[in-house]
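Residue-level listing of the chains:
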Protein chains: 8
Amino acid sequence: MVAIIMGSDSDLPVMQKAADILQHLAVPFEMTIVSAHRTPARLFDFAQNAHTRGIEVVIAGAGGAAHLPGMVAAISPLPVIGVPVKSSNSIDGWDSILSILQMPEGVPVATVALNAARNAGILAAQMLSLKDPNLQERIVEYKKLMESTVLEKAQKMEDQR
Amino acid sequence: MVAIIMGSDSDLPVMQKAADILQHLAVPFEMTIVSAHRTPARLFDFAQNAHTRGIEVVIAGAGGAAHLPGMVAAISPLPVIGVPVKSSNSIDGWDSILSILQMPEGVPVATVALNAARNAGILAAQMLSLKDPNLQERIVEYKKLMESTVLEKAQKMEDQR
Amino acid sequence: MVAIIMGSDSDLPVMQKAADILQHLAVPFEMTIVSAHRTPARLFDFAQNAHTRGIEVVIAGAGGAAHLPGMVAAISPLPVIGVPVKSSNSIDGWDSILSILQMPEGVPVATVALNAARNAGILAAQMLSLKDPNLQERIVEYKKLMESTVLEKAQKMEDQR
Amino acid sequence: MVAIIMGSDSDLPVMQKAADILQHLAVPFEMTIVSAHRTPARLFDFAQNAHTRGIEVVIAGAGGAAHLPGMVAAISPLPVIGVPVKSSNSIDGWDSILSILQMPEGVPVATVALNAARNAGILAAQMLSLKDPNLQERIVEYKKLMESTVLEKAQKMEDQR
Amino acid sequence: MVAIIMGSDSDLPVMQKAADILQHLAVPFEMTIVSAHRTPARLFDFAQNAHTRGIEVVIAGAGGAAHLPGMVAAISPLPVIGVPVKSSNSIDGWDSILSILQMPEGVPVATVALNAARNAGILAAQMLSLKDPNLQERIVEYKKLMESTVLEKAQKMEDQR
Amino acid sequence: MVAIIMGSDSDLPVMQKAADILQHLAVPFEMTIVSAHRTPARLFDFAQNAHTRGIEVVIAGAGGAAHLPGMVAAISPLPVIGVPVKSSNSIDGWDSILSILQMPEGVPVATVALNAARNAGILAAQMLSLKDPNLQERIVEYKKLMESTVLEKAQKMEDQR
Amino acid sequence: MVAIIMGSDSDLPVMQKAADILQHLAVPFEMTIVSAHRTPARLFDFAQNAHTRGIEVVIAGAGGAAHLPGMVAAISPLPVIGVPVKSSNSIDGWDSILSILQMPEGVPVATVALNAARNAGILAAQMLSLKDPNLQERIVEYKKLMESTVLEKAQKMEDQR
Amino acid sequence: MVAIIMGSDSDLPVMQKAADILQHLAVPFEMTIVSAHRTPARLFDFAQNAHTRGIEVVIAGAGGAAHLPGMVAAISPLPVIGVPVKSSNSIDGWDSILSILQMPEGVPVATVALNAARNAGILAAQMLSLKDPNLQERIVEYKKLMESTVLEKAQKMEDQR
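The structure displayed is predicted, hence computed values, not measured ones.

(A) Local environment of the pattern of salt bridges. What the rule picks out here adds up to 56 salt bridges over all chains. Salt-bridge contacts for Asp9 of chain C lead to Lys153 of chain G; the nearest nitrogen and oxygen are separated by 3.6 Å. Of the two residues, Asp9 of chain C sits in the loop between strand S1 (2-6) and helix H1 (12-24) while Lys153 of chain G sits in helix H6 (residues 133-160), which places them in two different chains. The exposure class of Asp9 of chain C is partly exposed, given its relative accessible area of 31%. You can call Lys153 of chain G partly exposed: its relative accessible area is 37%. One salt-bridge network, held together by shared partners, links Lys17 and Arg118 of chain A together with Glu105 of chain D.

In structure tokens form, the structure reads like this:
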């Protein structure tokens, strides 16, 4: 079970892509808002209890001075995937990236590219596939699908000339 | 009463300057380590109770993905001054600055320059001086001292030519 | 009493947010234009006299090579909060941030995030609350309001799935 | 089984930290050099076969235009953790970070902080702990150890004053 | 014969400019899609065989963590020209530039300006002109044409005043 | 008459190069310390009176949030040359550059490269040469000297092979 | 006599502001296109002859890898003012700024803010005013006009509340 | 015949690597100093005549506001390879890179990584190999040598464990 959390409902258009790919890969998930700065008590509750109530991977998206992924990683023993969101108050995304990526020794956050919530979903699936060969097979299929889509487009471009 | 906290004992050489100027200005303070990422429970305890046990201003220094000042500001109603520390794992200080400065609406951190713990101390004193005219007088004196030191150096440079 | 000043009337859409939150928190304030570069004499007058005419905290917003907050801090003993404004002539806000934040030892400016005038207002209120328990209570209420707003949105997102 | 690979033997001082923490957490691993740019055939062989020969997580470190983590992620279905190395030819680490982090949709690399190979090791262990409760317990212990170390240092700093 | 390849069909509006200038200079070329991350096998095939099937120069455009130019350069002995594309997922182009430009010792990529596919085409023509004096003559003509166009515009601006 | 001013005596090693080249070009100058932040009254006095007491060009060097050049330019009608100094508290010089260069419309500062006080001196001489043909001649000589020095080194490098 | 030159007619909307302010200050000027990269011979002719045909100050605007101001400064003994233009091919203006500002020792370019052609015009006027007290008077008037405009706006803002 | 030129003799330690690899690959070359800013006439002579006196490829290295590669490319029809040098006056190399890389449409410079003169040499050899199959063979050998060196180091690392 994956938990997708985000700092604000304004992050939903970005974070929805994580939900979509998990659905595509048939990985169960839940999704909600947890704000490190506006609901710190909720953050603590979420992070302390996630692994005891069946969550296995946390995907956390936030923008600006983005503390949500790092604080969940500080409290929970689960792997945490951070999605830097280029929110309206962010400086071109640099603050989002650096405040999620540059975690100190001992407390990793698995950071993906700016706004790359889909990749966060794939990464969560890859983690869960370590104990689920069928899921790994679906990931392999997904990669093949991407490949064949590109090959078709390549053929089309070559033909058009 | 000012509380000076830092994410790691390796921040002490920088943060000591806050203690020194507070001592110079006769402002009482306490100083300790609170790590957002390694002691999150301690962070919560500290931030929730600071204002009830007499702390009036918090100075928090941290480096890299620096979440300490922002998380204290999220939990406590007190004014929080953030000192971005150019720690060994920081990318020239940019991560420290952006993850402290770029707080979302509703949760300010009063950020000072990179490594500028002395300025954090002065700022804390300025805040406390709002209810202590004698302290404001000492701040005025400190500013005059800085001015006269520069004037002397200017005179010396002019004389040497 | 808080003074909100800005370098240009084009900064008003950003700086108005400081006025709004101060009004919400029932903190008296005045608001005007002081340009460090176009009205330097006015800058000096303002900064030299602010604390003698009842101003307790100064919020100063400016963009580009933003010298207003730092010059007020150089002259006045009051705490100065700087708001880096992403003005039309700014390079994505970097110049605004660095020329406000990176003050030398002895002359702090309490810098908030790019365009974050609301946070400047909250910070000013926090400073004044050090001598006004009722104001601190209103700040606590404001934080609770933010929290409950997020909790509602979180519930809504969970329900929609 | 974790595979630690790096682009050059000059990355070893950084990448050794991944090996050390895996050893500490009793996670089996192998470690070798795979250069995307100098041994591309080896890169392909490694990435194509890793999951069939028992590798479950790949940790890949590289600096400058760092293509190793991304290319392994392109070929292998396994989760890939990227360690941006601040190598001698890197521009303060920015090139290492961006060329590992900013992967396109469909091909994630779990990026950790600059030079943060220890965190890469912890993250790999967290992934493997999804199917190994004992390993999760050792991770919890590790977090407690970090916490108590900080608490001791905090006590010491408080006592010294 | 020049090969123009790009990581995605979304790069075509930029890369078409390379095709246009090559056509203008009467340099034969082919153009297709090769994605380092989605079609790694195709990348290897392309790069290993390009020089044996008559390709003399490769122009490769990609954005974000752009590995295509560098990986072709790793495998092929041919000169590779890299075009950093400011794609939608790029951070203002910085990731595209750094992940193409900052290649390690031994494996050069001839990088041109952001989105500057036309210059990539001219550069390819300049390389081929080393063995084709007529092509060099056409390049000289092209430079003269640019010069006269500017001179006309200069005259026009001077006349308008 | 040129005035060389700097924000701190720690800027002297950089700013001395302005004095040296002015001496070499036989341009009279004075040199002293004026700190915008620590001696704001002195700044105002200096800037208001410079042109009435015979100063024709001001060279102002400062680091970090460097307000000295811009504030002199705000007050004085004279041309002001700004030297961004990479001082110890500067973030690799970026703050120094941006807070001097990015002046708003109406108040220019002629900015030279980071630490390039020699160029500030040459630029001041070029300005004064507009009314002093002999000085222009000395500048032409200086340029010839630079040229011949390079030509000698070029010859030497060619000979050594 | 001031010469305003620009690398491309697409720079005219920015550079026109230099012409406008010079006209306002009654400073004679000429304006044309000189492209360092597309008309290098014209660049040499212009730079070698400018001072002999009565030009006293050169204002040169260019974007991207902007070599025009620096190359004129290399050849001509005249003071050269550089205007970094945020052209369509520029990376947010950073390339324009750095390639104009960071001139080596011996060859200064008086750089103004990004797109700040008006300031380039004022700076040219300030240089020429060193031998024209009437022009200096007009500059003083211009500064007073700016001041009174701001004072009016300040009054208006204060009245509106 | 390759010409290696550099803006200053201080660039020699970096640029020597281009000479070394060309020697290794048995490609004839000449090497000298040409300063765009201090010897502009020499720059013009060099660039105008290079292709008529047998030069086929130009490698140009420079730092800071580095105009040498771009100006040679503006004048000469030959392919020009630019080496951004992290010289003492450079801002961490960013100015060197941007002022070489970001050339306008029509005038390409084949830019290599910061200080990567060796890669410039290899790139020049690759260009010349288009008409010299033996040289291409030597380049293939060089790539194989790099590969086997890495394979040996990989074996050694695996054995040591």
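(B) Summary view of the relation of the copies chain C and chain G. Superposing chain C onto chain G takes a rotation of 90° plus a shift of 0.0 Å along the axis, which leaves an RMSD of 0.0 Å. Put plainly, the chains are arranged around a four-fold axis. Within chain C, Asp92 of chain C has its C-alpha nearest the rotation axis, a separation of 5.6 Å. Comparing interface residues between copies, only 12% of those in chain C also lie at the interface in chain G; the contact surfaces differ.

(C) Structural detail: unusual backbone geometry. Its identity as a non-glycine residue notwithstanding, Ala26 of chain A has a phi of 60°, on the positive side. Considering the arrangement of structural elements, one finds Ala26 of chain A in the loop between helix H1 (12-24) and strand S2 (29-33).

(D) View of the side chain of Ser99 of chain B. Residue position: Ser99 of chain B is located in helix H4 (residues 94-101). Among the polar contacts made by the side chain of Ser99 of chain B, one reaches the main-chain amide nitrogen of Ala66 of chain B at a distance of 2.9 Å. Within the local environment of Ser99 of chain B, its side chain forms a polar contact with the backbone oxygen of Asp95 of chain B, the two atoms lying 2.7 Å apart. Not counting residues up to four positions away in its chain, the partners in contact with Ser99 of chain B are Ala65, His67 and Ser99 of chain A together with Gly64, Ala65 and Ala66 of chain B.

(E) View of empty space enclosed by the protein. Scanning all chains against the criterion turns up 1 cavity of 30 Å³ or more. Of the pockets and cavities examined, the largest cavity occupies roughly 500 Å³. Every residue lining the largest cavity is counted, 24 residues in all, and those nearest its centre are Trp94 of chain A, Trp94 of chain B, Trp94 of chain D, Trp94 of chain F together with Trp94 of chain H. Sorting the residues of the lining of the largest cavity by element identifies helix H4 (94-101) of chain A, H4 of chain B, helix H4 (94-101) of chain C, helix H4 (94-101) of chain D, helix H4 (94-101) of chain E, helix H4 (94-101) of chain F, helix H4 (94-101) of chain G together with helix H4 (94-101) of chain H as the ones contributing at least two each. Here the residues of the lining of the largest cavity are counted per class, giving 16 nonpolar, no polar and 8 charged.

(F) Region of interest: the packing of helix H5 (residues 117-128) of chain D against helix H6 (residues 133-160) of chain D. Residue and element names in this part refer to chain D. Remark: H5 packs on H6, axes separated minimally by 8 Å, with the N-to-C direction vectors making an angle of 140°. In the packing of H5 onto H6, the handedness of the crossing is left-handed. The residues of H6 that touch H5, namely those facing Arg118, Ile122, Ala125, Gln126 and Leu128, are Leu135, Ile139 and Tyr142. A class-by-class count of the residues in the contact of H5 with H6 yields 6 nonpolar, 1 polar and 1 charged.

(G) Representation of the arrangement of the chains. A gap remains between chain C and chain E, which never touch, and the nearest two C-alpha atoms on either side lie 11 Å apart. A minimum C-alpha distance of 17 Å separates chain B and chain G, which share no contact.

Rules and cut-offs
Residues numbered from 1 in each chain as written. Chains lettered and ligands numbered in written order. Predicted model: local features only at pLDDT ≥ 70, side-chain atom pairs only at ≥ 80, totals over all residues. Heavy atoms only, no water. Salt bridge = Lys/Arg side-chain N within 4 Å of Asp/Glu carboxyl O. Helix = DSSP H or I, 4+ residues; strand = E, 2+ residues; numbered from the N terminus. Buried < 20%, exposed > 50% of the residue type's maximum accessible area, 1.4 Å probe, protein only. Least-squares fit on C-alpha atoms with pLDDT ≥ 70 in both. Contact = heavy atoms within 4.5 Å. Polar contact = N/O pair within 3.5 Å; in protein donor to acceptor, adjacent residues only side chain to side chain. 1 Å grid on protein atoms, 1.4 Å probe; cavity = no way out; pocket = protein on both sides within 12 Å on 5 of 7 lines; lining within 4 Å. Points joined across faces, edges and corners; volume = space filled by probe spheres on them. Nonpolar A, V, L, I, M, F, W, Y, C, P; charged D, E, K, R; others polar. Axes fitted to C-alpha atoms, helices over the stretch in contact; angles between N-to-C directions. Left-handed = near helix turned anticlockwise from the far one by under 90°.

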